[in-house]
Amino acid sequence: MERERIPKISPVELNDPFKWTKEHKLIPHCMHGVCGLENITHSTLLYTSPATAYHYHRDTMEIFCVVKGRRECSIYTGEKSVSFEFTGSEALIVFPNEPHVTGSNGIDPCDLYALQFNLSETENFLGLNAENSRRLCDALRALKHRHLSMTPVAFSLIKLAFDRFYEMTPESCCEGAAFLVSFLCTLLHLPPVDSAPVEAPNDRILRVVDYIAENISQPMTLKELADYAGYSLSRFKALFREVTGQTPAQYIAMHKVEQAKELLRDPDRSITDIAYDLGWSSSNYFCAVFKKYTNISPLHYRKLRMQQGDDEE
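Residues numbered from 1 in each chain as written. Predicted model: local features only at pLDDT ≥ 70, side-chain atom pairs only at ≥ 80, totals over all residues. Heavy atoms only, no water.

I keep staring at the pairing of strand β7 (residues 60–77) and nothing clicks. Help me out?
In the case of a regular strand, side chains alternate between the two sheet surfaces. In terms of burial, β7 is largely enclosed, as 14 of its 18 residues are buried. Where β7 meets strand β9 (residues 90–94), five bridges bridge the pair, whose relative direction is antiparallel. Bridge pairing in β9 links I63 to I93. Where β7 and strand β8 (residues 80–87) come together, eight bridges link them in antiparallel fashion. When the bridges of β8 are listed, I75 appears paired with V82. Relative to strand β10 (residues 100–102), β7 is paired through three bridges, and the arrangement is antiparallel. If you follow C73 over to β10, its bridge partner there is T102. (Buried < 20%, exposed > 50% of the residue type's maximum accessible area, 1.4 Å probe, protein only. Helix = DSSP H or I, 4+ residues; strand = E, 2+ residues; numbered from the N terminus. Pairing = 2+ DSSP bridges.)

So what exactly am I meant to see when it comes to unusual backbone geometry here?
Leaving glycine aside, a negative phi is the common case for residues, and trans is the common case for peptide bonds. For N97, which is not glycine, the phi dihedral falls at a positive 70 degrees. Positioned with a positive phi, L126 is a non-glycine residue whose angle comes to about 55 degrees. Relative to the assigned elements, L126 resides in the loop between β11 (110–118) and α2 (130–141). According to the relative accessible area criterion, L126 is buried, its value standing at 5%.

Any chance you could explain the side chain of S43 here in plain terms?
Summarising the element assignment, S43 is placed in strand β5 (residues 37–45). By relative accessible area, which is 4% here, S43 ends up buried. Side chain to side chain, S43 and H24 meet in a polar contact 2.7 Å long. With sequence-adjacent residues up to four places away left out, S43 is seen in contact with E23, H24, C110, D111 and L112. (Polar contact = N/O pair within 3.5 Å; in protein donor to acceptor, adjacent residues only side chain to side chain. Contact = heavy atoms within 4.5 Å.)

Which parts of the structure should I look at to understand the environment of V153?
Residue placement: V153 occurs in helix α3 (residues 152–167). By relative accessible area, which is 52% here, V153 ends up exposed.

Sorry, what's going on with the pattern of salt bridges here?
With the rule as written, the count across this model stands at 12 salt bridges. Its salt-bridge partner being E72, residue R70 comes within 2.0 Å of it at the nearest N-O pair. Since its relative accessible area comes to 7%, R70 is described here as buried. With a relative accessible area of 22%, E72 lands in the partly exposed category. Across the pair K223 and D227 runs a salt bridge, and its minimum N-O distance is 2.6 Å. Placement of both K223 and D227 in helix α6 (residues 222–229) is noted, with a separation of four residues, approximately one turn of the helix. D227 gets classed as partly exposed once you look at its relative accessible area, which sits at 23%. (Salt bridge = Lys/Arg side-chain N within 4 Å of Asp/Glu carboxyl O.)

I tried to follow the nonpolar core on my own but got confused; where do I start?
Of all hydrophobic cores here, the largest spans 37 residues; its most connected members are F117, F183, L184 and L187. When residues of this core are traced back to their parent elements, those giving at least two are β5, β7, β9, β11, α2, α3 and α4 (170–187). Residues contacting L187, with those up to four places away along its chain left out, are I63, I93, L140, L143 and L148. (Core = buried A, V, L, I, M, F, W, Y, C linked by side-chain atoms within 4.5 Å.)

Hey, could you run me through the packing of aromatic side chains in this one?
The geometry of two aromatic rings is summed up by the distance between their centres and the angle between their planes. Taken as a whole and judged by the stated rule, the model has nine aromatic pairs. Summarising the aromatic geometry, the rings of F64 and F86 are spaced 6.2 Å apart at their centres and angled 40 degrees between planes, so their arrangement reads as tilted. With F64 in strand β7 and F86 in strand β8, this pair connects stretches of sequence that are 22 residues apart. One exposure class covers both F64 and F86, and it is buried. Each ring, one from F286 and one from F290, has its centre 5.8 Å from the other, and the planes form 70 degrees; the classification is edge-to-face. In this pair, F286 and F290 are both assigned in helix α10 (residues 283–294), four residues apart and thus about one turn of the helix distant. Here F286 falls in the buried class, since its relative accessible area comes to 0%. Among the aromatic side chains, those forming a connected cluster through ring pairs are W280, F286, F290 and Y301. Over the ring of W280 we find K256; its NZ or CZ atom is 5.5 Å from the centre of that ring. (Phe/Tyr/Trp six-rings, centres within 6.5 Å; stacked < 30°, edge-to-face > 60°. Lys NZ or Arg CZ within 6 Å of the ring centre and 35° of its normal.)

This is the structure we're talking about:
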């Protein structure tokens, strides 16, 4: 968490309209009509998008729940702000009326749900009676932590709720509200990320290293590896080089070359077959990469290994 100064400009009150695209599905209050729920959103961003404006939501708590990927949010309280980075299986809460900015340097690709709850609606909050509405809203306002470790059950409840709201019938919206009540009750007992077991950056990178070793013959992109580690692509590249001393592309290529050395010991396997088995697009490209890391061609390497085998015999 990094502290920053408050911007000199005043935050705007933000009310998002209905939106339904491949990457961004937002259902506002005017369409679902459930008391206490403002927007419910599911975003599956494939590309970096602009940061949000410096804004706030009147009387409204906003909860970001990241399924995979990474999101940043700067929350402004008092004279300073605190910047949070939250990744897959984590949630961040922005309390009512808190000015905030998401993705100050641009919003990275990620899969997340965003939920907005108006905590001033204490008479019929999510369909509850007045007494239970006040109890739940008071409990949400009194939460001691904002950066929480999510559970599969919590994610399942959000997904069930969103799927029901997607139907857009009075009955389905009522069912969706019931799932959200269950989610919020679960949220009250989620552990803060600071007290939950958190992997150090090198642990996540080493997990990716193991994944590469186990799937070296399968196609893999740097974006997929970054998502697997729970980092943005740029952050993943930097941490990977810090831990291994190589870029991800260099490490994968070197590991493939080492695997190729073992496969070249079999004289019955053609160089073309080995190239394709290890995911290279052509035998020529394989030969170029192999020579880059060994200073000899695959054919020359095979001949040397066969000679060494004859000498040993």
